[in-house]
Amino acid sequence: MQRVELADGRSCPYRIQESDRARRIRLKLSATEGMVVIVPAGTVPHRDDLERLIRTKSRWITRHLHRFAQQERVAQTWDLALPGHIHLSAINERWEVRYADPDANQAPMSTRVRVMTQGVLRVCGPESGRAEDCAHALRAWARAKAGAVLPAWLDELAQDLRMSFSRVSIRDQRTRWGSCSRHGRINLNCKLLFLPRPWTRYVLIHELCHTKIMNHGPDFWALVAMHEPQARRIRTEMRSAWMKIPAWMTTA
Ligand SMILES: [Zn+2]
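Remember, predicted model here, so these are calculated numbers, not experimental data.

Peer 1: Looking at this model, I keep getting lost on the sheet that holds strand 7 (residues 112-117). Mind explaining?
Peer 2: Two modes of strand pairing occur in sheets, parallel and antiparallel, and in both the strands are linked by backbone hydrogen bonds. Taken together, the four strands give an open sheet; going across it, the order is 5-6-8-7, and neighbouring strands pair in mixed fashion. On the outer flanks of this sheet lie strand 5 (85-88) and strand 7, each paired with one strand and no other. Within this sheet the neighbouring strands show an average axis-to-axis angle of 30°, counted without direction. In this sheet, strand 6 (residues 93-99) lies alongside strand 5 in antiparallel orientation, the contact comprising four bridges. Pairing of L88 across the sheet is with E93, part of strand 6. Strands in contact with helix 4 (residues 131-161) are strand 5, strand 6, strand 7 and strand 8 (120-124); relative to strand 6, the strand with the most contacts, it is inclined by about 150°.

Peer 1: For this particular structure, what's the right way to read the packing of aromatic side chains?
Peer 2: The relative placement of two aromatic rings is captured by the distance of their centres and the angle of their planes. Counted according to the given criterion, the structure contains four aromatic pairs. Between W177 and W242, the aromatic rings sit 4.2 Å apart at their centres with planes inclined by 20°, giving stacked as the arrangement. Separated by 65 residues along the polypeptide, W177 in the loop between strand 9 (167-171) and strand 10 (178-180) and W242 in the loop between helix 7 (231-237) and helix 8 (247-250) bring together distant segments of the chain. Taking the relative accessible area as the measure of exposure, W242 reaches 31% and is therefore partly exposed.

Peer 1: For this particular structure, what's the right way to read a positive patch on the surface?
Peer 2: A contiguous patch of positive charge on the surface is contributed by R143, R167, R171 and R185. Taking the relative accessible area as the measure of exposure, R185 reaches 42% and is therefore partly exposed.

Peer 1: Please clarify how the coordination of the zinc ion should be interpreted in this entry.
Peer 2: For a metal with four donors in a tetrahedral arrangement, the ideal angle between donors is 109.5 degrees, while six donors in an octahedron ideally sit at 90 or 180 degrees. The protein atoms donating to the zinc ion are H206 (NE2), H210 (NE2) and H216 (NE2), with metal-donor distances spanning 2.0 to 2.1 Å. Linear spacing of the donor residues for the zinc ion on their chain is H-x3-H-x5-H. A residue is classified by how much of its surface remains accessible, and H216, at 48% relative accessible area, is partly exposed.

Peer 1: How should I be thinking about the layout of surface pockets in this particular structure?
Peer 2: Where empty space is left can be seen by rolling a probe of water-molecule size over the atoms. What the second largest pocket holds in volume is close to 490 Å³. Along its surface, the second largest pocket is lined by 19 residues, and W177, G178, Y202, H206 and E207 are the ones closest to its centre. When residues of the lining of the second largest pocket are traced back to their parent elements, those giving at least two are strand 10, helix 5 (197-210) and helix 7. A per-element tally of the lining of the second largest pocket places helix 5 first, with five residues. Tallied by class, the residues present in the lining of the second largest pocket amount to seven nonpolar, seven polar and five charged.

Peer 1: Help me understand the environment of K28 in this model?
Peer 2: Tracing the sequence through the fold places K28 in strand 3 (residues 26-30). Sequence spacing of K28 and I61 is 33 residues, and the spatial spacing of their C-alpha atoms is 9.3 Å.

Peer 1: In this structure, what is going on with helix 5? I would like to understand it.
Peer 2: The α-helix winds at 3.6 residues per turn, so residues separated by three or four positions along the chain end up facing the same way. End to end, helix 5 covers 20 Å across 14 residues, agreeing with the expected 20 Å (1.5 Å per residue, within 8%). The buried count for helix 5 comes to 11 of 14 residues, which makes it a mostly enclosed element. Within helix 5, burial applies to W199, T200, Y202, V203, L204, I205, H206, E207, L208, C209 and H210. Looking at the packing, one finds that the buried side of helix 5 touches helix 4, strand 10, strand 11 (185-189), helix 6 (218-227) and helix 7.

Peer 1: How do you make sense of the nonpolar core when you look at a structure like this?
Peer 2: In globular proteins that are soluble, nonpolar side chains generally tend to be buried together. Grouped together as the largest cluster of nonpolar side chains are 53 residues, with contacts concentrated most on I86, L138, F194, L208 and M238. Take this core: its biggest share by element is 14 residues, from helix 4. Per-domain counts for this core show at least three residues from each of domain 2 (77-137) and domain 3 (146-250). Residues L29, M35, L50 and W60 belong to the second largest nonpolar core, which totals 14 residues.

Each value, and the rule that gives it
- Residues numbered from 1 in each chain as written.
- Predicted model: local features only at pLDDT ≥ 70, side-chain atom pairs only at ≥ 80, totals over all residues.
- Heavy atoms only, no water.
- Pairing = 2+ DSSP bridges.
- Helix = DSSP H or I, 4+ residues; strand = E, 2+ residues; numbered from the N terminus.
- Axes fitted to C-alpha atoms, helices over the stretch in contact; angles between N-to-C directions.
- Contact = heavy atoms within 4.5 Å.
- Phe/Tyr/Trp six-rings, centres within 6.5 Å; stacked < 30°, edge-to-face > 60°.
- Buried < 20%, exposed > 50% of the residue type's maximum accessible area, 1.4 Å probe, protein only.
- Patch = residues over 30% accessible without salt bridge, like charges linked within 9 Å, V, L, I, M, F, W, Y side chains within 5 Å.
- Areas by Shrake-Rupley, 256 points an atom, 1.4 Å probe, with all protein chains shown as cover.
- Salt bridge = Lys/Arg side-chain N within 4 Å of Asp/Glu carboxyl O.
- Lys, Arg positive; Asp, Glu negative; His and termini not counted.
- Charge placed at Lys NZ, Arg CZ, Asp CG, Glu CD.
- Donors = N, O, S within 2.8 Å, 3.2 Å for Na, K, Ca; no water.
- 1 Å grid on protein atoms, 1.4 Å probe; cavity = no way out; pocket = protein on both sides within 12 Å on 5 of 7 lines; lining within 4 Å.
- Points joined across faces, edges and corners; volume = space filled by probe spheres on them.
- Nonpolar A, V, L, I, M, F, W, Y, C, P; charged D, E, K, R; others polar.
- Expected span 1.5 Å × (residues − 1).
- Core = buried A, V, L, I, M, F, W, Y, C linked by side-chain atoms within 4.5 Å.
- Domains from an automatic or database assignment.

Right, here's the structure in full:
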């Protein structure tokens, strides 16, 4: 491990890593590895070149080092808050979540989630180190996922049960799983993706039944029971449903 002096007088350790893809020398900072100097494969950086590069980037470096120092203090909550895996029980999908390190040359303007391949997500951004930005981006991904899956599911159920609705929207409500207006507009909570499949199916059926009967009277429950005989049991089980939602989906 070599060291280099920063503009603020601190001495910062770094290591050199060769890369086949790198065309020129660049810096990478991460909370786990510290400073890494990436150089084109087969080249050895001249110490003067390296120091010049570090001088031009010194503000960026000190800003990140400061952030990493702060992160160490919140490391525990950080681990709890961000998932390594996401399980969308309702549609039986598992996703691995990878986190990219902040990178001076490649960082996009905002934190984003990319689908690498089916089952693998990558969270990257200028502040991959900030848990709340990552959670926010993952939440937007989950909501888009719900938008891609739940309306089609509702459509299919409506055809099976011979019911109809005028419109469906995906929301991120705090306290409701779904709702239905007197005009047949159905809202569904994107967090339904995290519930066991029968529970989510029950919520969709419940809202579809509201297109026929708005209130929660005996006729309504009879209609629900006709389409979902386990409705009563599922409703009881669903009292603990909020516990199925991961922390990163519920924090602001
Ligand atoms: Zn209802």
